[in-house]
Amino acid sequence: MSSDNAAPDNETVWDVVVVGAGPAGASAAHAAACAGRRVLLLEKAELPRYKTCGGGIIGPSRDALPPGFELPLRERVHAVTFSLNGKLSRTRRSKHALFGLINRPEFDAALVDAAKDAGAEVRTGVAVTRVEQHGPAVPDRRTVAVVLSDGGTVLARAVVGADGSASRIGAHVGVKLDQVDLGLEAEIPVPRTVAEDWAGRVLIDWGPMPGSYGWVFPKGDTLTVGVISARGEGAGTKRYLEDFIARLGLAGFEPSISSGHLTRCRSDDSPLSRGRVLVCGDAAGLLEPWTREGISYALRSGRLAGEWAVRVAEAHDAVDARRQALNYAFAIKAGLGVEMGVGRRLHTVFARRPGMFHAAITGFRPAWRAFTKITRGTTTLGDLVRTHPAARRALAAMDRG
Ligand SMILES: Cc1cc2nc3c(=O)[nH]c(=O)nc-3n(C[C@H](O)[C@H](O)[C@H](O)COP(=O)(O)OP(=O)(O)OC[C@H]3O[C@@H](n4cnc5c(N)ncnc54)[C@H](O)[C@@H]3O)c2cc1C
């Protein structure tokens with residue numbers, strides 16, 4: 001285990017303990033520490049750690065970063081090539097950057113540093129096994145016991161579960177899911193001539209299986225190439241990635257990392273808390289169902305969880321704690337929940353008719369413009385449908401099929 005600040009806390013009761021130091025956990029720890037509370041951030045890996053992810057940073061992710069945070073951008077994207085299972089390729093360009101690309105180990109470690117700078121204590125190499133809100137490990141009803149894999153216990157007034165898509169804290173809360181996908185990725189170092197061909201341009205391929213797609217995200221001399229599809233289609237997803245890489249002429253280059261990771265979307269009625277425990281990010285199943293964009297969801301829900309965990313920590317009894325936790329759930333549902341609802345509908349339509357999406361985005365200027373506005377963060381899917389009758393009508397027509 002490594003720890004940053006000196007912290008011999010046998011009997012310390014932390015205001016907020018955050019489990020998991022991805023973007024959701026780092027954001028939660030930052031927000032709670034900025035409120036002046038004693039915050040402990042626990043991470044099972046040593047940092048920086050690898051995370052299977054395209055590293056696409058759209059406007060809402062950029063806007064949810066801690067103040068003054070400098071994005072370690074590897075690439076600014078000005079062009080997108082779209083293809084339909086390798087065919088009908090078309091590149092659309094933009095004068096202004098559409099979104100940015102980062103390497104997750106670097107980005108996540110910098111977010112943890114920001115939380116540390118705000119006053120959070122960080123302990124890495126510490127895996128949390130479970131949380132207990134009753135029983136002998138819990139000294140009183142205002143306290144949660146966080147049990148570690150080495151047998152130790154840490155006490156807190158409130159806990160934020162930000163431990164990703166295999167979340168133990170999510171299981172404690174009872175998070176319910178209605179979409180689980182498998183993402184496979186390869187980090188492929190390429191020669192300079194190949195890298196130059198991809199500079200400033202990404203590729204998005206609508207895939208052969210319902211709801212699947214693939215991407216090439218260039219980061220200097222390495223291309224992140226990945227595909228995502230419904231879980232349970234493991235062999236087909238692996239074949240899609242192999243075919244995709246071969247089709248792009250990249251099969252001759254040895255990946256430095258090949259990995260896979262699940263993404264999970266919560267069902268509409270899934271809980272976001274239990275007692276003094278809140279969940280956020282992937283642990284809560286907060287993810288855009290169509291694109292599976294999750295960094296902005298992690299940053300935004302993490303910040304809200306950190307802010308509301310402070311109130312839960314201050315609650316004097318179970319009723320007050322519950323009231324504050326419900327306020328957190330309300331804030332999530334009113335913002336990210338609405339966006340997820342639109343994303344879910346888009347995902348259903350996309351799974352049925354990928355060709356229609358391809359035709360719209362490559363051939364219909366308003367659809368491309370909507371894409372650029374969403375990636376830049378000047379609008380969201382939810383806002384677009386709420387404020388544009390034409391977008392609402394188009395979605396309703398697509399729903400009908
Ligand atoms: C293939 C793929 C590509 C993606 N591409 C993009 C993209 O381009 N853009 C985008 O916005 N999103 C993308 N996503 C989604 C994005 O990666 C996630 O939504 C995001 O990482 C969620 O952040 P998080 O902090 O909730 O969880 P994570 O980033 O998974 O962090 C969870 C942390 O908790 C730690 N942890 C887990 N269990 C424990 C434990 N028991 N005790 C202590 N620590 C624990 C883990 O080590 C980890 O550091 C992609 C996902 C996949 C699978």
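Criteria and thresholds
Residues numbered from 1 in each chain as written. Predicted model: local features only at pLDDT ≥ 70, side-chain atom pairs only at ≥ 80, totals over all residues. Heavy atoms only, no water. Near = heavy atom within 4 Å. Polar contact = N/O pair within 3.5 Å; in protein donor to acceptor, adjacent residues only side chain to side chain. Areas by Shrake-Rupley, 256 points an atom, 1.4 Å probe, with all protein chains shown as cover. Helix = DSSP H or I, 4+ residues; strand = E, 2+ residues; numbered from the N terminus. Nonpolar A, V, L, I, M, F, W, Y, C, P; charged D, E, K, R; others polar. 1 Å grid on protein atoms, 1.4 Å probe; cavity = no way out; pocket = protein on both sides within 12 Å on 5 of 7 lines; lining within 4 Å. Points joined across faces, edges and corners; volume = space filled by probe spheres on them. Core = buried A, V, L, I, M, F, W, Y, C linked by side-chain atoms within 4.5 Å. Buried < 20%, exposed > 50% of the residue type's maximum accessible area, 1.4 Å probe, protein only. Contact = heavy atoms within 4.5 Å. Axes fitted to C-alpha atoms, helices over the stretch in contact; angles between N-to-C directions. Parallel < 35°, antiparallel > 145°, perpendicular 65-115°, else oblique. Left-handed = near helix turned anticlockwise from the far one by under 90°. Phe/Tyr/Trp six-rings, centres within 6.5 Å; stacked < 30°, edge-to-face > 60°. Pairing = 2+ DSSP bridges.

Moving on to the site of the ligand. Neighbouring the ligand are 38 residues; Glu43, Arg49, Arg104, Asp282 and Ile295 lie closest to it. Interatomic distance of 2.9 Å between a backbone N/O atom of Gly56 and an oxygen atom of the ligand. Within the side chain of Asp282, one N or O atom sits 2.8 Å away from an oxygen atom of the ligand. Bound to the protein, the ligand loses 94% of the 1000 Å² it would expose on its own. Taken together, the elements giving at least two residues each to the shell around the ligand come down to helix H1 (23-34), strand S3 (39-43), strand S13 (177-189), strand S15 (213-219), strand S17 (257-266) and helix H7 (295-314). Residues belonging to the shell around the ligand are distributed by class as follows: 15 nonpolar, 12 polar and 11 charged.

Its volume calculated, the second largest pocket comes out at about 480 Å³. Around the second largest pocket sit 24 residues that line it, and Gln133, Arg274, Gly275, Arg276 and Ala318 are the ones nearest its centre. Those elements that provide at least two residues to the lining of the second largest pocket are strand S18 (273-274) and helix H8 (318-352). Considering each element in turn, the lining of the second largest pocket owes the most residues, 7 residues, to H8. Here the residues of the lining of the second largest pocket sort into 9 nonpolar, 8 polar and 7 charged.

Moving on to the nonpolar core. With 71 residues, the main nonpolar core has Val17, Val18, Phe107, Val146 and Val159 as its most contacted residues. Beyond its immediate stretch of four places on either side in the chain, Val18 contacts Gly25, Ala28, Ala29, Val39, Leu40, Leu41, Leu42, Val160 and Ala162. Counting 26 residues, the second-largest nonpolar core is a separate cluster that includes Phe99, Phe217, Val342 and Phe350.

We now examine the packing of H1 against helix H3 (residues 104-117). Orientation of H1 relative to H3, taken along the N-to-C sense of each, is 15°, at an axis distance of 8 Å. Taken together, H1 and H3 sit at an angle that is classed as roughly parallel. Once H1 is placed against H3, the crossing between them reads as left-handed. Every residue of H3 that contacts H1 at Pro23, Ala26, Ala29, His30 and Ala33 is listed here: Arg104, Phe107, Asp108, Leu111, Val112, Ala114 and Ala115. When the residues that make up the contact of H1 with H3 are grouped by side-chain class, the tally is 9 nonpolar, 1 polar and 2 charged.

Okay, the packing of aromatic side chains next. Considering all chains together, one arrives at 15 aromatic pairs under this definition. Relative to Phe244, the ring of Tyr240 lies with its centre 5.9 Å away and its plane at 40°, an arrangement referred to as tilted. With Tyr240 and Phe244 both in helix H6 (residues 234-247) and 4 residues apart, this pair spans about one turn of that helix. The burial state of Tyr240 is the same as that of Phe244; both residues are buried. Taken together through their ring pairs, the aromatic side chains of Phe82, Phe99, Trp206, Tyr213, Trp215, Phe217, Trp290, Phe350, Phe357, Trp368 and Phe371 make up a single cluster.

With that settled, the discussion passes to the sheet that holds strand S4 (residues 56-57). Across the sheet, 3 strands lie side by side as S4-S8-S5; this open sheet has antiparallel pairing. Unpaired on one side and paired on the other, S4 and strand S5 (73-77) mark the two borders of the sheet. Pairing geometry for S5 and strand S8 (residues 99-102), over 4 bridges, is antiparallel. By the bridge assignment for S8, Leu73 is matched with Ile102.

Time to look at the sheet that holds strand S7 (residues 87-93). The strand order across the open sheet built from 7 strands is S7-S6-S14-S15-S16-S13-S17, with neighbouring strands paired in mixed fashion. Strands with a single pairing partner mark the edges of an open sheet, and in this sheet they are S7 and S17. Strand-to-strand twist of the sheet, defined as the mean angle between neighbouring strand axes without regard to direction, takes the value 20°. As paired elements, S13 and strand S16 (residues 222-230) share 9 bridges and run antiparallel to each other. When the sheet's bridge partners are listed, Ala186 is paired in S16 with Val225. With respect to the sheet, H8 is in contact with S13, strand S14 (201-206), S15 and S17, its orientation differing from that of S17 by roughly 110°. Each of strand S6 (79-84), S7 and S14 is contacted by helix H10 (residues 365-376), which is oriented at about 125° to S6, the strand it contacts most.

At a minimum axis separation of 9 Å, H7 and H8 run at an interaxial angle of 165°. As summarised for this structure, H7 and H8 are arranged roughly antiparallel, according to the angle between their axes. Here H7 runs over H8; the crossing is right-handed. Only Ala321, Gln324, Ala325, Asn327, Tyr328, Ala331, Ile332, Leu336, Glu339 and Met340 of H8 make contact with H7, whose side of the interface consists of Tyr297, Arg300, Ser301, Leu304, Ala305, Trp308, Arg311 and Val312. Considering only residue class, the contact of H7 with H8 consists of 12 nonpolar, 3 polar and 3 charged.

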